[in-house]
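Chain and residue survey
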Amino acid sequence: MRAAMAVIPLMLLISASAFAGGEIQNVRHWTAPDQTRIVFDVSDGIVFTVHKETGRVFIDFQDTTLKDSLPSTIDMKKPAIEKIVLGRSPGDVLRAELHIPEGAESKVFRLKRFQDRPERVVVDLRLPALEKKESETRQAVKKDRRERIVIIDPGHGGDDPGALGRHGTKEKDVVLQIGRKLRDELNGREGYRAFLTRNGDYYVPFRKRVTIAKEYGADLFVSIHADAVKGTHARGSSVYALSLSGASNEAARLLATNENLSDIIGGVSEEESGEETDAILLNMFQTNTINRSMLFGSTVLDRLGDVGNIKFASVQHAPFRVLKLPDIPSVLVETAYISNPEEEKLLKHRLHQQKIAGAIADAITEFLPAEETGGPDGKIVKKGRSGREDRTAVALYPVKRGETLAGIAKKHDTTLAVLLKLNDMKIDDPLLWGRKIKVPAADSGEEAVQPKKTAGSREPASKRHFLTYRVKKGDSLGRIAREKQVALQVLLEANDMKRGDPLFVGRLLKIPVAGTAADTATAAEKPKKATANGREKMIYYRVKRGDNLTEIARRHHTSVENLMALNSIKRGDPLYVNRRIRVPSPSAP
Ligand SMILES: [Zn+2]
């Protein structure tokens, strides 16, 4: 490639005054692992033609001068580009000659003047073979994953700085720093693997961010941002979930409109800027996924409240493009206001970044407790609580119509994660009314029972119990699923149906019942036994950041072993911040 340099004579640059035409004002570039973007800032309406040869891309700018301060040769040595040579060429054109390695592909397009950005001629240079390999690597992670997969999406990047602070801090920089800390924090916790959608200063189109999450088979998606408004007073974190129609308030609507401009500011070609996901598909899944996103978001808000101010006390929603993932709970976190000088300072501070990352990681581990994978099909199965006597006192609580697990958790002053663990449930398992679920007893006067040694309420579909339901006129699968409080997917599976299959009136449908006869029997037979067993008197202690079991045991005059037994904790289990654990009451004999 280097030999080619000799045969291309470098032309003398002619000063701007000699031409009435256009000007190349600046040449910038952004580098991703598998591609490089070259941006020529140009004057409006510049005329150019492109032609390509092996190893070369020629862009001929008509009637154009090069700004004096720009060099005629730019050595790049970046992915998909070796160097750029700028010079005059026969026919009175300014030629940009891009030297590209074998296998590189190029796309040249114009971006119109937008906001404070000039007109631009963009050259995207990609290495398709490397892209393909990266995509395969992501899909391999999905295929034989052993952990929870979390995708962290630092907003903006490259030509899109995002919001700017009074002192020049760029949103794209601080969110990348926080995103990397969150990734490391999660990767340091057993049972989790985290990946970034971008790990450098380059722009990634919305569509690609969403594709990355899908390829990894993400369990959760967290987009990290920092907010800005005109004044300097607004402050605090907020969390958003997707809305396919309106927004929860005007501020949320404006925010989404702004964030959705990223593809334009970041500079995405028309073919890359298409919608992320088929609208029909999105609609089909939206209710369930958005509900889960809201639930996850409220956990994030809770934890963020421990490290700083909160802007809105509840999860807001707005039509953010980057959250358009049909079946992956996704939230967008506005970590703080970069427009507030105090928060701008915090956002840049390493320690505060770590606090934010830690809080989000805590929320993730609380919302989605770690699991171990089982079979070769890559399906996640529950970590069995085998072998050890489980002495946690629990009560059985019959689910009432319309109740949610989160609501029940709140009622019993516990967390969703604890309920999921106690009942060996997944977050999207159907919650049938009448089913008795285990809740921490906490001396509440509810019937206490000793849980079975192995929690087994989650059975394979084949062993589930069924009711039958005859389809009536006007029924839809969605409505039946809702009415019977069964996940649509479970209903489809139970009846060997696919989405979109016709539903004939009079057809008998199987309605899966999660709570089995055996569970009910257990509930009926065993009440009150444990209370007579002379349980130790307990109080709760909320785990703080930096706590460990040894320290907690010492402070409560008990042993680590006792704490582990009381709380069903195994050696090596992570101790989540804010988890309530049982400790012996000081007044106990
Ligand atoms: Zn943003």
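First things first, this report covers the structure right here in the doc. From a predicted model like this one, the values you see are computed outputs, not experimental measurements. Along each chain, residues carry numbers from 1 onward, in the same order as the chain's sequence is written. The model is predicted, so local features are restricted to residues of pLDDT at least 70 and side-chain atom pairs to those at 80 or more, both for listing and for counting; the totals for chains, interfaces and linings are taken over all residues. Computation of side-chain values: all heavy atoms of the structure, hydrogens and water removed.

The next point concerns the overall build of the chain. By the criteria applied, helices consist of DSSP H or I runs no shorter than four residues and strands consist of E runs no shorter than two, each listed in order from the N terminus. Looking only at helices and strands, the chain features 17 helices and 25 strands. Residues classed as buried in the chain amount to 51% of the 589 residues present. The contact criterion used is simple: two residues touch if any of their non-hydrogen atoms lie within 4.5 Å. Summarising the internal contacts of the chain: among those between residues at least 6 apart in sequence, 74% fall at separations of at least 24. Computed with the Shrake-Rupley method and a 1.4 Å probe, the accessible areas treat only the protein chains shown as cover for residues. Accessible surface for the chain amounts to roughly 28,100 Å². Of this, 53% is attributable to carbon and sulfur atoms. Think of it in three bands: residues with accessible area under 20% of the maximum for their type are buried, residues over 50% are exposed, and the middle band is partly exposed, with areas taken using a 1.4 Å probe on protein chains only.

By nonpolar core we mean a set of buried residues, namely Ala, Val, Leu, Ile, Met, Phe, Trp, Tyr and Cys, connected to one another through side-chain atoms within 4.5 Å. Grouped together as the largest cluster of nonpolar side chains are 51 residues, with contacts concentrated most on Leu 182, Leu 186, Ile 360, Ile 364 and Ile 437. Looking at this core, the element that brings in the most residues is helix α9 (residues 350-367), giving eight residues. Each of two domains, domain 2 (147-368) and domain 3 (391-461), supplies a minimum of three residues to this core. If we ignore the near neighbours within four places in the chain, the residues touching Leu 186 are Val 150, Ile 152, Tyr 192, Ala 194, Ala 361 and Ile 364. Formed by 28 residues, the second largest nonpolar core is a distinct cluster that contains Ile 24, Ile 46, Ala 80 and Leu 98. Domain segmentation is taken from an automatic or database assignment of domains.

The next point concerns the sheet that holds strand β10 (residues 119-126). One key point about sheets: their strands pair by backbone hydrogen bonds, in either a parallel or an antiparallel sense. A sheet is described by the order of its strands in space; here five strands give the open sequence β5-β1-β2-β10-β9, paired in mixed fashion. Taken across any chain shown, the strands that pair with only one partner, and hence form the sheet edges, are β5 (64-66) and β9 (105-111). Within the sheet, the average angular offset between the axes of one strand and its neighbour, ignoring direction, is 30°. Any two strands between which DSSP finds at least two bridges are classified as paired. Where strand β2 (residues 35-42) lies against β10, eight bridges are found, and the strand directions are antiparallel. Note on β10: the bridge partner recorded for Val 39 is Val 122. Interaxial angles span 0 to 180 degrees and are taken between N-to-C directions of axes, which are lines fitted to C-alpha atoms, for helices over the stretch in contact.

So, on to the packing of aromatic side chains. Two rings from Phe, Tyr or Trp (for Trp, the six-membered ring) form a pair when their centres sit within 6.5 Å of each other. Planes less than 30 degrees apart are called stacked, planes more than 60 degrees apart edge-to-face, and all others tilted. Inspection of every chain in the model, using the stated rule, returns five aromatic pairs. Each ring, one from Phe 195 and one from Tyr 216, has its centre 4.0 Å from the other, and the planes form 15°; the classification is stacked. Here Phe 195, found in strand β12 (residues 192-196), pairs with Tyr 216, found in helix α4 (residues 206-216); they are 21 residues apart in sequence, far enough to count as distant. We classify Phe 195 as buried; its relative accessible area is 14%. Aromatic side chains Tyr 240 and Phe 320 sit 5.4 Å apart centroid to centroid with 70° between the ring planes, which places their arrangement in the edge-to-face category. Here Phe 320 lies in the loop between β15 (316-318) and β16 (330-337) and Tyr 240 lies in strand β14 (residues 238-242), a separation of 80 residues in the sequence. Here Tyr 240 matches Phe 320 in class, with each residue buried. Every member of this aromatic cluster is reached through a ring pair, and the members are Phe 40, Phe 48 and Phe 61. For a ring to carry a charge above it, either NZ of a lysine or CZ of an arginine must fall within 6 Å of the ring centroid while also lying within 35 degrees of the normal to the ring plane. Over the ring of Tyr 203 we find Arg 209, and its NZ or CZ is 5.3 Å from the ring centre. Between the NZ or CZ atom of Lys 311 and the centre of the ring of Phe 312, over which it lies, the distance is 5.9 Å.

What helix α8 (residues 341-348) keeps buried is the set Glu 343, Glu 344 and Leu 347. Buried positions in α8, seen along its axis, are confined to an arc of 110° and lie on one side of it. Of the residues in α8, the exposed ones pointing more than 90 degrees away from the buried face are Glu 342 and Lys 345. Packing partners of the buried residues in α8 comprise α3 (171-187), β13 (220-227), β16 and α9. We call two N or O atoms a polar contact when they sit within 3.5 Å, provided that within protein one can donate a hydrogen and the other can accept it, with sequence-adjacent residues counted only if both atoms are side-chain atoms. The backbone nitrogen of Glu 342 lies 2.9 Å from a side-chain oxygen of the residue at the head of α8, namely Asn 340. The directions considered for the arc are those from the helix axis to the C-beta atoms.

Turning next to the coordination of the zinc ion. Atoms of type N, O and S within 2.8 Å of a metal are treated as its donors, and for Na, K and Ca the window is 3.2 Å; water is not considered, so some sites may appear to be missing partners. Within the protein, His 156 (NE2), Glu 171 (OE), His 225 (ND1), Glu 259 (OE) and Glu 259 (OE) serve as the donor atoms for the zinc ion, at 2.0 to 2.4 Å. One chain supplies every donor to the zinc ion, and in sequence these donors are spaced H-x14-E-x53-H-x33-E. With His 225 in strand β13 and Glu 259 in helix α5 (residues 250-259), the pair connects residues that are 34 residues apart, well separated along the chain.

Residues other than glycine seldom take positive phi values, yet His 156 does so here, at roughly 65°. By secondary structure assignment, the location of His 156 is in the loop between β11 (148-154) and α3. Backbone geometry places His 557, a non-glycine residue, at a positive phi of 50°.

Below, the discussion takes up α4. Of all the residues in α4, the buried ones are Phe 206, Arg 209, Val 210, Ile 212, Ala 213, Glu 215 and Tyr 216. Where α4 is buried, its residues contact α2 (128-143), β11, β12, β13, α5 and α6 (262-266). Phi for Gly 217, located one or two positions after α4, is positive at around 65°.

A few words now on the side chain of Ser 223. One can find Ser 223 in strand β13. Using a relative accessible area of 0% as the deciding quantity, one classes Ser 223 as buried. One polar contact links Ser 223 to Asp 153, side chain to side chain, over a distance of 2.6 Å. Look past the residues within four positions of Ser 223 in its chain and what remains in contact with it is Asp 153, Val 322, Val 331, Leu 332 and Val 333.

Okay, the packing of α8 against α9 next. Following both chains from N to C, one finds α8 and α9 inclined at 85°, their axes separated by 5 Å at the closest point. Relative to α9, the element α8 is oriented roughly perpendicular. Residues Leu 346, Leu 347 and Lys 348 of α8 pack against Arg 350, His 352, Gln 353 and Ile 356 of α9. For the contact of α8 with α9, the class distribution of residues is three nonpolar, two polar and two charged. An angle below 35 degrees is treated as roughly parallel, one above 145 as roughly antiparallel, one from 65 to 115 as roughly perpendicular, and anything else as oblique. Three classes are used: nonpolar for Ala, Val, Leu, Ile, Met, Phe, Trp, Tyr, Cys and Pro, charged for Asp, Glu, Lys and Arg, and polar for all others, with Gly counted as polar.

Let's shift gears to the sheet that holds strand β3 (residues 48-53). Ordered by their spatial adjacency, five strands build an open sheet running β3-β4-β8-β7-β6, and the pairing between neighbours is antiparallel. For this open sheet the edge positions go to β3 and β6 (73-78), each flanked by a neighbour on one side alone. In this sheet, adjacent strand axes meet at a mean angle of 20° when their direction is disregarded. In this structure, β6 lies alongside strand β7 (residues 81-89), joined through four bridges in antiparallel fashion.

Note that all results are geometric; they support no functional claim without further evidence.
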